[in-house]
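Results of the structural survey
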Amino acid sequence: MKVSEDLFKLIKSLSKNEKGYFKKVSTFHTIGEQNKYLALFNAIDKQKKYDENAIKKKFAGERFIKQLNVAKLYLYNSILKSTEQYVNSKGTQIRSYINQIEFLMDRGLYEQSNKLLHKAKQLAIKYEKNYELGLIEELEKRCLRFTGYAGKSEREILTLFGDTFQLIDKIKKTEQLHRLFVKMELNYKKGFPRTLNDWQPYEEIMNNPSMMEGEHIESYQASFYFYYIKANYYSVKKDAEKANYFTQERLKYLENRPHLINENVLSYGTALRNVGMTLVLMKRYSEVPPMVKKLKAITHKSEAVKKYICSFSMLVEMSLYTESGEFHKGKLLADQFIQNKTIAQGSNKDEIYLIYLSFTVYFGLGDYPKVIKCLNIILTNPNIDVRSGIYSFSKIFALIVYYEMQDEDAMAYAVKSTYRYLYEAKRLFMFESAILKFVKNKSKEMKDFENRVTAFKELRQEIEEIGKNEVEQRILKYFDFITWLDSKIENRPFAEMVREKASKVLSLPSS
């Protein structure tokens, strides 16, 4: 990628405050009467699309324009340096200490180095910056060697090496969990497992020695990976109680260490999101709003982080509204998401799930054209694995929407293309077969109310029977098909029946 493209994207990614901070810092490096790099920054910032010819024309006659690539690279690095100062996290503070320590040691100022080493080490330990801590301990040893180990006993010196060995072991265990976390993420992207082959990778992850309880929770990062893996595993198994336990443990770990939250804002937001989602699955609806409130209270300087947190909040709220049948409330969020894409760039998993929640909201409201629009976003998304569960579900759900729209031409075409896709992808399971058969054959026979009710009762009975199969029942978690069938049988609005089911849950005494 060209420097100009990188520079343009970097400038456009900055928040108003970040741009203001850069401009303020730049005034300390004035060249003549005007900072030419700041002028270049402003010119690029005003462009909607990078136009190098316009830049050359604007600065014709300026000396720096003859070496524009050099100027752009300098500006790019200057922006990165200013944003590092602007963010001022504990990690950047520790790395700054490390740079200062190396500078002092190169000049033989070991006493001053030791003072900073102590500060840096305490900070790294407190905020669990293990990689930085490893560098600090290496600098400690170097400083001791150059000073002839003055003022240190043999026991103190050997203890430092012991600390390093423990740190290496801790980092190794964390990275082993990190690897399993990535494997879990890659499998989770494929959707709910429907076959033994789909399920096998999950079992292999859980049976890995690194997942032995009680031997690895030595740092926040290790706890993050461990609890995430456990929670996702039980979420996929539809064991909501255990999934909730591990999501709550992950959140508790951070909230019991509030000083770590600012350093791990996205992790904290993810923990709140996951707790909220599992509470929705458990139908503990009254406990969900406090999670949303905590998410909305999170503040951060980075616009990208703000967008991620916004997407987390939307996911929890929309899940609550779809499950409780408050589709009119979910519509405000669905419209906001679909129209403005208020979500962090590259957060593909969250984006897909928000699209799924959006079409569920629109379906509950009977806005079928918008449902089709959302489904097409998924079905035409090049980043979605066509063998994934969400892709297959979207193909099947489109059939139901076409039925609701009474669009027989679209339905006939969709039946053929969906059957062909499912057959070739080896995802033609019992549930999919039942829906295809119903739409293809039964829908033509349902010209009067009595025949419709009979047909829907037969399909309901068949789906209930299919749902007893553990492999088959997972797709039923994507959408409440039984309530939809009941709405057809009783000739009542789907949204009304979902709300009625939710109100029964809310009226039950808490256990």
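Right above here is the structure, for reference.
Just so we're clear, the structure is a prediction, and the values are computed from it rather than from any experiment.

Parameters and conventions
Numbers given to residues run from 1 along each chain, matching the order in which its sequence is written. Restriction of local features to residues with pLDDT of at least 70 applies here, the model being predicted, together with a cutoff of 80 or more for giving and counting side-chain atom pairs; totals for whole chains, interfaces and linings are based on all residues. Side-chain metrics rest on all non-hydrogen atoms present in the structure, leaving aside hydrogens and water. Under the scheme used here, helices are H or I runs from DSSP no shorter than 4 residues and strands are E runs no shorter than 2 residues, and both carry numbers assigned from the N terminus. Three labels apply to residues, based on accessible area from a 1.4 Å probe with only protein chains included: buried if under 20% of the type maximum, exposed if over 50%, partly exposed otherwise in between. Pairing of N or O atoms within 3.5 Å defines a polar contact, subject to two protein rules: one partner must be a possible hydrogen donor and the other a possible acceptor, and residues neighboring in sequence count only if both atoms are side-chain atoms. What goes into a patch is any residue over 30% in relative accessible area without a salt bridge, connected to like charges within 9 Å or, for nonpolar side chains (Val, Leu, Ile, Met, Phe, Trp, Tyr), within 5 Å. Accessible surface area values rest on a Shrake-Rupley calculation with a 1.4 Å probe, where residue burial reflects the displayed protein chains alone. We define a salt bridge as a side-chain nitrogen of Lys or Arg found within 4 Å of a carboxyl oxygen belonging to Asp or Glu. Among the buried residues, those of types Ala, Val, Leu, Ile, Met, Phe, Trp, Tyr and Cys that are joined through side-chain atoms within 4.5 Å form a nonpolar core. What makes two residues a contact is simply this: any of their non-hydrogen atoms within 4.5 Å. The disulfide definition used here is simple: a pair of cysteine sulfur atoms within 2.5 Å. Axes here mean lines fitted to C-alpha atoms, for a helix over just the part in contact, with angles spanning 0 to 180 degrees between N-to-C directions. We call a crossing left-handed when the near helix sits turned anticlockwise from the far one by less than a right angle, and right-handed when that turn is clockwise. Residues are grouped as follows: Ala, Val, Leu, Ile, Met, Phe, Trp, Tyr, Cys and Pro are nonpolar; Asp, Glu, Lys and Arg are charged; all remaining types, including Gly, are polar. For classification purposes, an angle smaller than 35 degrees is called roughly parallel, one larger than 145 roughly antiparallel, one from 65 to 115 roughly perpendicular, and anything else oblique.

Moving on to the environment of Glu490. With respect to the element layout, Glu490 can be found in the loop between helix H24 (481–489) and helix H25 (494–507). By relative accessible area, which is 42% here, Glu490 ends up partly exposed. Sequence-wise, Glu490 and Val453 are 37 residues apart; in three dimensions their C-alpha atoms are separated by 8.0 Å. A polar contact of 3.1 Å, which involves the side chain of Glu490, links it to the side chain of Arg492.

Let us look at a nonpolar patch on the surface. A cluster of nonpolar side chains, Leu158, Phe161, Phe165 and Ile168, forms an exposed patch at the surface whose accessible area comes to about 430 Å². Mapped onto the secondary structure, Phe165 falls in helix H9 (residues 154–188).

A word on unusual backbone geometry. Phi at Gln406 is positive, roughly 55°, even though this residue is not glycine. Structurally, Gln406 is set in the loop between helix H19 (389–405) and helix H20 (408–424). Not every positive phi belongs to a glycine, and Asn491 is a case in point at roughly 55°.

The next thing to look at is the nonpolar core. Counting 133 residues, the largest nonpolar core has Phe359, Phe363, Val371, Phe393, Phe397, Phe431 and Trp484 as the members making the most contacts within it. Beyond its immediate sequence surroundings of up to four residues, Phe393 is in contact with Tyr356, Phe359, Ile475, Tyr478, Phe479 and Phe481. Formed by 21 residues, the second largest nonpolar core is a distinct cluster that contains Phe8, Ile11, Phe22 and Ile44.

Across all of its chains, the model carries 26 salt bridges by this definition. Of the charged contacts, one joins Arg95 and Glu132 as a salt bridge, the two residues approaching to 2.9 Å between their closest N and O atoms. Placement of the pair is Arg95 in helix H6 (residues 90–106) and Glu132 in helix H8 (residues 130–146), with a sequence separation of 37 residues. Linking Glu287 and Arg284 is a salt bridge whose minimum nitrogen-to-oxygen distance equals 2.9 Å. When its relative accessible area of 28% is taken as the criterion, Arg284 is described as partly exposed. A single salt-bridge network, built from bridges that share partners, covers Glu490, Arg492, Glu496 and Glu500.

Scanning the model with the defined rule gives zero disulfides in all. For the unlinked cysteine Cys374, the closest cysteine sulfur is that of Cys310, found at 17 Å. Judged by its relative accessible area of 0%, Cys374 falls in the buried class.

With respect to the helices and strands, Ser324 occurs in helix H15 (residues 303–324). Only 2.7 Å separates the side chain of Ser324 from the backbone oxygen of Leu320, close enough to count as a polar contact. Of note is the side chain of Ser324, whose polar atom sits 3.1 Å from the side chain of Glu326.

Next up on the list: the packing of helix H10 (residues 196–206) against helix H11 (residues 220–236). Between H10 and H11, the shortest axis-to-axis distance is 11 Å and the interhelical angle comes to 145°. In the crossing of H10 with H11, the sense of the turn from one axis to the other is left-handed. Taking contact as the criterion, the partners of Trp199, Tyr202, Glu203, Ile205 and Met206 in H10 are, on H11, Ile229, Lys230, Tyr233, Tyr234 and Val236. The residue inventory of the contact of H10 with H11, partitioned by class, reads eight nonpolar, no polar and two charged.

Here we take up the packing of H6 against helix H7 (residues 110–126). Close contact between H6 and H7 brings their axes to 9 Å; oriented N to C, the two are set at 160°. On the basis of the axis angle, H6 is roughly antiparallel to H7. As H6 runs across H7, the sense of the crossing is left-handed. Touching Lys90, Gln93, Ile94, Tyr97, Gln100, Ile101, Leu104 and Met105 of H6 are Tyr110, Gln112, Ser113, Leu116, Leu117, Lys119, Ala120, Leu123 and Ala124, all from H7. Taken together, the residues of the contact of H6 with H7 break down into 11 nonpolar, four polar and two charged.

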